Amino acid sequence: ITCRDWSSDVCSSDLVKLNKLVKPGEQVDFLVDLKAPSKAGTYTGYWRLQADDGSRFSQVFTTIKVPGPMFAVTSVSISATPASFTGVCPVNIILKADITASTAGTVTYRWEVSDGVDTTSYPLQSVKFDKQGTKTVERTFTFDADGTYLVSWYNAQPNNQKFGPRQIVIDCD
């Protein structure tokens, strides 16, 4: 069996010997080691069967798809300014999320605060990544009652996961 039409690093060797006589009508299994290319794309490898006398017959092929990097949010760090407050309410608290993504893509997210408001009423927002890296998003929330609040950052797309919570303590005079 000879391998061709693959990049040079895909086939483990150009020739695989069966070391067995295969009679007409008989079936035989053989194994060919392949290594997926490092570049995303669709690859097709072709092999020709060859008799001991060198004559080639029958062609077989296989196609593989190598996916590109998967887009994911890999971490989120939440901060609040101020993280605690004592004084006259209402008070505005600035929430920031440092979002790290694995590659280019768009993140759809929403803030969630344990303030008695249905979290689904907070709007979904988006941030676009042109490449792997970290971006910061922020939102100001107004608190008008004493309490210990928990703030989370919900990643609707691509991961469908929650980061946090971050605790905020409000003590209104």
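Residues numbered from 1 in each chain as written. Predicted model: local features only at pLDDT ≥ 70, side-chain atom pairs only at ≥ 80, totals over all residues. Heavy atoms only, no water.

Turning our eyes to something else, we now look at the state of the cysteines. Counted by the stated rule, this structure contains 1 disulfide. For C89, the disulfide goes to C172, at an S-S distance of 1.9 Å. Taking the sign of the torsion about the S-S bond as the criterion, the disulfide between C89 and C172, at about -85°, is left-handed. Of this pair, C89 sits in the loop between β5 (84–87) and β6 (91–101) while C172 sits in strand β11 (residues 161–172), placing them 83 residues apart in sequence. Assessed through its relative accessible area of 19%, C89 is described here as buried. (Disulfide = S-S within 2.5 Å. Helix = DSSP H or I, 4+ residues; strand = E, 2+ residues; numbered from the N terminus. Buried < 20%, exposed > 50% of the residue type's maximum accessible area, 1.4 Å probe, protein only.)

The 5 strands lie next to each other as β5-β11-β10-β7-β8, forming an open sheet whose pairing is mixed. The strands lining the two open edges of the sheet, one partner per strand, are β5 and β8 (125–129). For this sheet, the mean angle separating the axes of adjacent strands, direction not counted, is 25°. Bridging between strand β10 (residues 147–157) and β11 involves 8 bridges; their strand directions are antiparallel. Looking at β11, one finds that N155 is bridged to Q161. (Pairing = 2+ DSSP bridges. Axes fitted to C-alpha atoms, helices over the stretch in contact; angles between N-to-C directions.)

This part is about the confidence of the model for the chain. Overall, the prediction assigns the chain a mean pLDDT of 85, with 89% of residues at 70 or greater. The lowest-confidence element of the chain is strand β1 (residues 2–4), averaging 51 in pLDDT; the highest-confidence one is β8, averaging 97. When the criterion is pLDDT under 50, residues 5–9 qualifies, and its contacts beyond four places in sequence or with other chains add up to 13 contacts. (pLDDT = per-residue confidence, 0-100. Contact = heavy atoms within 4.5 Å.)

Turning to the environment of I99, a few remarks are in order. For I99, the position within the fold is in strand β6. Overall, the relative accessible area of 0% leaves I99 in the buried class. Here the alpha-carbon distance between I99 and N155, two residues 56 residues apart in the chain, equals 9.9 Å. Not counting the four nearest positions on each side in its chain, I99 is found in contact with V73, S75, V76, V127, F129, G133, T134, K135, V137 and W153.

Core analysis: the biggest nonpolar cluster contains 30 residues, and L95, I99, W111, F143, W153, I168 and I170 have the highest contact counts within it. Breaking this core down by element, the ones donating at least two residues are β4 (73–81), β6, β7 (105–113), β8, β9 (133–143), β10 and β11. It is β6 that provides the largest number of residues to this core, a total of 6 residues. If we ignore the near neighbours within four places in the chain, the residues touching W153 are V76, I78, A97, I99, V107, Y109, R110, W111, V137, Q161, K162 and F163. (Core = buried A, V, L, I, M, F, W, Y, C linked by side-chain atoms within 4.5 Å.)

This next bit is on a nonpolar patch on the surface. A cluster of nonpolar side chains, L18, V22, F30 and V60, forms an exposed patch at the surface whose accessible area comes to about 270 Å². Structurally, the position occupied by F30 is in the loop between β1 and β2 (41–50). (Patch = residues over 30% accessible without salt bridge, like charges linked within 9 Å, V, L, I, M, F, W, Y side chains within 5 Å. Areas by Shrake-Rupley, 256 points an atom, 1.4 Å probe, with all protein chains shown as cover. Salt bridge = Lys/Arg side-chain N within 4 Å of Asp/Glu carboxyl O.)

Glancing now at the packing of aromatic side chains. If you walk through the whole model with that rule in mind, you get 4 aromatic pairs. Pairing F143 with Y149 gives two aromatic rings, centres 4.7 Å apart and planes at 50°, and the pair type is tilted. Each member of the pair, F143 as well as Y149, carries the same accessibility label: buried. Three or more aromatic residues joined by ring pairs make a cluster, and in this case those are Y109, W153 and F163. Positioned over the ring face of F129 is K135, at 5.6 Å from the centre of the ring. (Phe/Tyr/Trp six-rings, centres within 6.5 Å; stacked < 30°, edge-to-face > 60°. Lys NZ or Arg CZ within 6 Å of the ring centre and 35° of its normal.)

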